[in-house]
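Below are the chains, spelled out letter by letter.
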Amino acid sequence: MAVPVAFFALFFAYPVAAIVGRGLKAEGDWQFGRIGEVLSRPDILDVLWFTTWQALASTALTLLIALPGAYVFARFDFPGKQVLRAVVTVPFVLPTVVVGTAFLALLGRGGLLDELWGVRLDTTVWAILLAHVFFNYAVVVRTVGGLWSQLDPRQEEAARVLGAGRFAAFRRVTLPALAPAVAAAALMVFLFTFTSFGVVQILGGPAYSTLEVEIYRQTAQLLDLPTAAVLTLVQFAAVGAILAVHAATVRRRERALKLVDPAQTSRRPRGAGQWALLGGVLLTALLLILLPLGVLVERSLDGPGGYGFGYYEALQSVGAGGSSTFLVPPLEAVGNSLRYALVATLIALVIGGLAAAALTRRAGRLVRGFDALLMLPLGVSAVTVGFGFLITLDKPPLDLRTSWILVPLAQALVGVPFVVRTMLPVLRAVDDRLREAAAVLGASPLRAWREVDLPLVRRAVLVAAGFAFAVSLGEFGATVFIARPDNPTLPVAVARLLGRSGELNYGQAMALSTILMLVCAVSLLLLERIRTDRSGEF
């Protein structure tokens, strides 16, 4: 635990504490009265209210749309199922900037709806809610569907034989068994939407602001650190409560059920109702997931002179069309992002692997607290972390403000939780007697790990690396502060292009978003080929 704790203390706790300290201190004294002052402001109360209710609405809408998909993937066997599973998971690993850009191309000015029916939904709450459903659809399908596929269907069939109707059997038998998984998925969706940044910033416009967006505005635009510090504390408390409830839900799920092999529960649809349900899920996937991504690709190819690769070619030059958005060709952001993501993945594998190994040893509350610490970067303001990097890592021996390693370190903070969640179930499944037998035969602990554990968890390591690479590639909240102008990442480059007017900038943003989407999709498809049922679910 020593190395992961030191890593999180230095690159997570220290920057966040420094930002909060600067905001709540005046002339060396703590000014806790500022908390009440900030939280009593009408504009801040509006931000808190919007953040909460849009997260609740997004969660409810996601469950409503995604639960039928979870059932279809759990119970039905149909051609192309594995490919479709990978397709619906693509949005989850896409950067929020790309998601916002895709829905901007679909719902915004000059978008598909605007061209066909003259309807615009950007700068409305509906665009935000739909984008959140798009982003979190796979969370519900994977979390609930993974458990649903392992529930013995004979229990519900027995209830039907005893006279219960189809709905009554589901309500009394299946739903109670699924409740912990549904609750866990709902809590994760609420967490992701509660801390939403890129989607709200691009689609919401100035009218809508979540806590994360407001922290960015107060920090980067208004330089109001006291207000940003208070909002960071509020978000930290809310995320801590959500993670505590989530941990309790997961523990309940693990000990309450007896599961069967998913292969025993999957069959081809039978009857008009089941085929209609399958068709409805496929139509939902087409309209909700494939259509925004398809429109994104189409807009990247639709240049002033007709369809072609003009916007992609413009990415190779600096200041094309009179633009001074970049100091280097925007296409260099692709290479920058790939290099940063590879380094971040390596860091995340080392830190996350050590953390997962530590968590396999049962040590009561200490280990549970350590487990919660590892999840905090998913919910605590990435904007605060990025700005904290700038004001804390500025003195020897850690003067990293001008170093390229700063970006991978920030990205690794987001990748570590995915590595831990992927590797931990597999490490816990390794029989201790195998290690003991290796030790009896004279193997050192290092050799026992190399000869026993590593072959068994190798596939899980590859899956973890795939997730860490994808989320590192799309990290935006912290990177927007620390990426240097001459070395932008793909999400930062997209945001800069969207922040400037002009058809060329818009087209280049669509082209860069398409490249980023394809890289993430290829990473996920490769991950699907190597994953196992045990290590691949999340």
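For clarity, every value in this text was computed on a predicted model and none was experimentally measured.

About the criteria used
Residues numbered from 1 in each chain as written. Predicted model: local features only at pLDDT ≥ 70, side-chain atom pairs only at ≥ 80, totals over all residues. Heavy atoms only, no water. Patch = residues over 30% accessible without salt bridge, like charges linked within 9 Å, V, L, I, M, F, W, Y side chains within 5 Å. Areas by Shrake-Rupley, 256 points an atom, 1.4 Å probe, with all protein chains shown as cover. Salt bridge = Lys/Arg side-chain N within 4 Å of Asp/Glu carboxyl O. Lys, Arg positive; Asp, Glu negative; His and termini not counted. Charge placed at Lys NZ, Arg CZ, Asp CG, Glu CD. Helix = DSSP H or I, 4+ residues; strand = E, 2+ residues; numbered from the N terminus. Buried < 20%, exposed > 50% of the residue type's maximum accessible area, 1.4 Å probe, protein only. 1 Å grid on protein atoms, 1.4 Å probe; cavity = no way out; pocket = protein on both sides within 12 Å on 5 of 7 lines; lining within 4 Å. Points joined across faces, edges and corners; volume = space filled by probe spheres on them. Nonpolar A, V, L, I, M, F, W, Y, C, P; charged D, E, K, R; others polar. pLDDT = per-residue confidence, 0-100. Contact = heavy atoms within 4.5 Å. Phe/Tyr/Trp six-rings, centres within 6.5 Å; stacked < 30°, edge-to-face > 60°. Expected span 1.5 Å × (residues − 1). Bend = angle between axes of the 7 residues up to and from the residue. Polar contact = N/O pair within 3.5 Å; in protein donor to acceptor, adjacent residues only side chain to side chain. Axes fitted to C-alpha atoms, helices over the stretch in contact; angles between N-to-C directions. Parallel < 35°, antiparallel > 145°, perpendicular 65-115°, else oblique. Left-handed = near helix turned anticlockwise from the far one by under 90°.

1. Topic: a positive patch on the surface
Thought 1: A surface patch of positive charge is lined by Arg-160, Arg-166, Arg-267 and Arg-270.
Thought 2: Relative to the elements of secondary structure, Arg-267 occurs in the loop between α12 (225-256) and α13 (271-301).
Thought 3: Classification of Arg-267 by relative accessible area gives partly exposed; the value is 31%.

2. Focus on the layout of surface pockets
Thought 1: Here the second largest pocket is characterised by a volume of approximately 810 Å³.
Thought 2: Every residue lining the second largest pocket is counted, 33 residues in all, and those nearest its centre are Leu-104, Leu-497, Leu-498, Gly-499 and Tyr-506.
Thought 3: For the lining of the second largest pocket, the secondary-structure elements that each account for two or more residues are α5 (96-107), α10 (198-203), β3 (302-303), α22 (490-498) and α23 (503-530).
Thought 4: Ranked by residues supplied to the lining of the second largest pocket, first place goes to α22 with five residues.
Thought 5: For the lining of the second largest pocket, a count of residues per class yields 14 nonpolar, ten polar and nine charged.

3. A closer look at the confidence of the model for the chain
Thought 1: For the chain, mean pLDDT is 82; residues scoring 70 or higher make up 90% of the total.
Thought 2: Of all secondary-structure elements in the chain, the lowest mean pLDDT belongs to helix α24 (residues 533-536), at 41, while helix α3 (residues 42-75) reaches the highest, 93.
Thought 3: Here residues 532-538 is modelled with pLDDT under 50, and outside its nearest four sequence neighbours on either side it reaches 21 contacts, counting other chains as well.

4. Observations concerning the packing of aromatic side chains
Thought 1: Tallied over the full model, the rule gives 19 aromatic pairs.
Thought 2: Ring centres of Phe-197 and Phe-476 lie 5.5 Å apart, and the angle between their planes is 25°; on these two criteria the pair is classed as stacked. Taken together, the residues span a long stretch of sequence, with Phe-197 in the loop between α9 (166-194) and α10 and Phe-476 in the loop between α20 (445-474) and α21 (479-482) at a distance of 279 residues.
Thought 3: Ring plane angle 55° and centroid distance 5.5 Å describe the contact between Phe-387 and Phe-481, whose orientation is recorded as tilted. Residue Phe-387 is located in helix α17 (residues 382-392), and its partner Phe-481 is located in helix α21; the two are separated by 94 residues in the primary sequence.

5. Things to note about α9
Thought 1: Here α9 is 29 residues long, yet its end C-alpha atoms lie only 36 Å apart, well below the 42 Å a rise of 1.5 Å per residue gives.
Thought 2: By the largest-angle criterion, Leu-175 marks the main kink of α9, which is about 55°, and a proline, Pro-176, follows within four residues.

6. Observations regarding the side chain of Gln-274
Thought 1: In this structure, Gln-274 sits in helix α13.
Thought 2: Of the polar contacts made by the side chain of Gln-274, one reaches the backbone nitrogen of Arg-270; its length is 2.6 Å.
Thought 3: Gln-274 has contacts with Phe-76, Arg-267, Arg-268 and Pro-269, leaving out every residue within four places of it along the chain.

7. Comments concerning the packing of helix α8 (residues 153-161) against α9
For any two helices packed against each other, the geometry comes down to the angle between their axes and how far apart the axes lie.
Thought 1: Where α8 meets α9, the axes come as close as 9 Å, and the angle between the chain directions of the two elements is 135°. The angle between α8 and α9 falls in the class oblique. In this structure, the crossing between α8 and α9 has a hand that is right-handed. Residues Gln-155, Glu-156, Ala-159 and Arg-160 of α8 form the contact with α9, whose participating residues are Arg-166, Ala-169, Phe-170, Val-173 and Thr-174.
Thought 2: A class-by-class count of the residues in the contact of α8 with α9 yields four nonpolar, two polar and three charged.

8. Topic: the pattern of salt bridges
Thought 1: Following the criterion strictly, the structure yields five salt bridges and no others.
Thought 2: Measuring nitrogen to oxygen at the nearest pair gives 2.8 Å for the salt bridge that ties Arg-217 to Glu-214. Here Arg-217 and its partner Glu-214 are both found in helix α11 (residues 211-221), three residues apart, which amounts to about one turn of the helix.
Thought 3: Residue classification places Arg-217 among the partly exposed residues on the basis of a relative accessible area of 31%.
Thought 4: Looking at Glu-214, the relative accessible area reads 3%, which means it is buried.

9. Some remarks on empty space enclosed by the protein
Thought 1: All chains considered together, the criterion is met by five cavities of 30 Å³ or more.
Thought 2: When its volume is computed, the largest cavity comes out at roughly 590 Å³.
Thought 3: As for the largest cavity, its lining consists of 31 residues, of which Thr-96, Phe-135, Phe-192, Leu-378 and Val-414 are closest to the centre.
Thought 4: Residues belonging to the lining of the largest cavity are distributed by class as follows: 17 nonpolar, twelve polar and two charged.
Thought 5: Volume-wise, the second largest cavity comes out at about 70 Å³.
Thought 6: Lining the second largest cavity we find Phe-12, Pro-377, Val-380, Ala-382, Val-385, Ala-410, Leu-413, Val-414, Glu-475 and Ala-478.
Thought 7: Top contributing element to the lining of the second largest cavity by residue count: helix α18 (residues 406-429), with three residues.

10. Some details on the environment of Arg-166
Thought 1: Within the secondary structure layout, Arg-166 lies in helix α9.
Thought 2: For the pair Arg-166 and Glu-156, spaced ten residues apart in the sequence, the C-alpha separation amounts to 8.6 Å.
Thought 3: Each residue touching Arg-166, except ones within four places of it in the same chain, is listed here: Glu-156 and Arg-160.

11. Some points on the packing of helix α4 (residues 81-93) against helix α7 (residues 125-148)
Thought 1: Put simply, α4 and α7 touch, their axes get as near as 6 Å, and they point 125° apart. Taken together, the axes of α4 and α7 are oblique relative to one another. Crossing hand, α4 versus α7: left-handed. Here Arg-85, Val-88, Thr-89, Pro-91 and Phe-92 of α4 come into contact with α7, specifically with Phe-134, Phe-135, Tyr-137, Ala-138, Val-139 and Arg-142.
Thought 2: Across the contact of α4 with α7, the residue classes break down as eight nonpolar, one polar and two charged.

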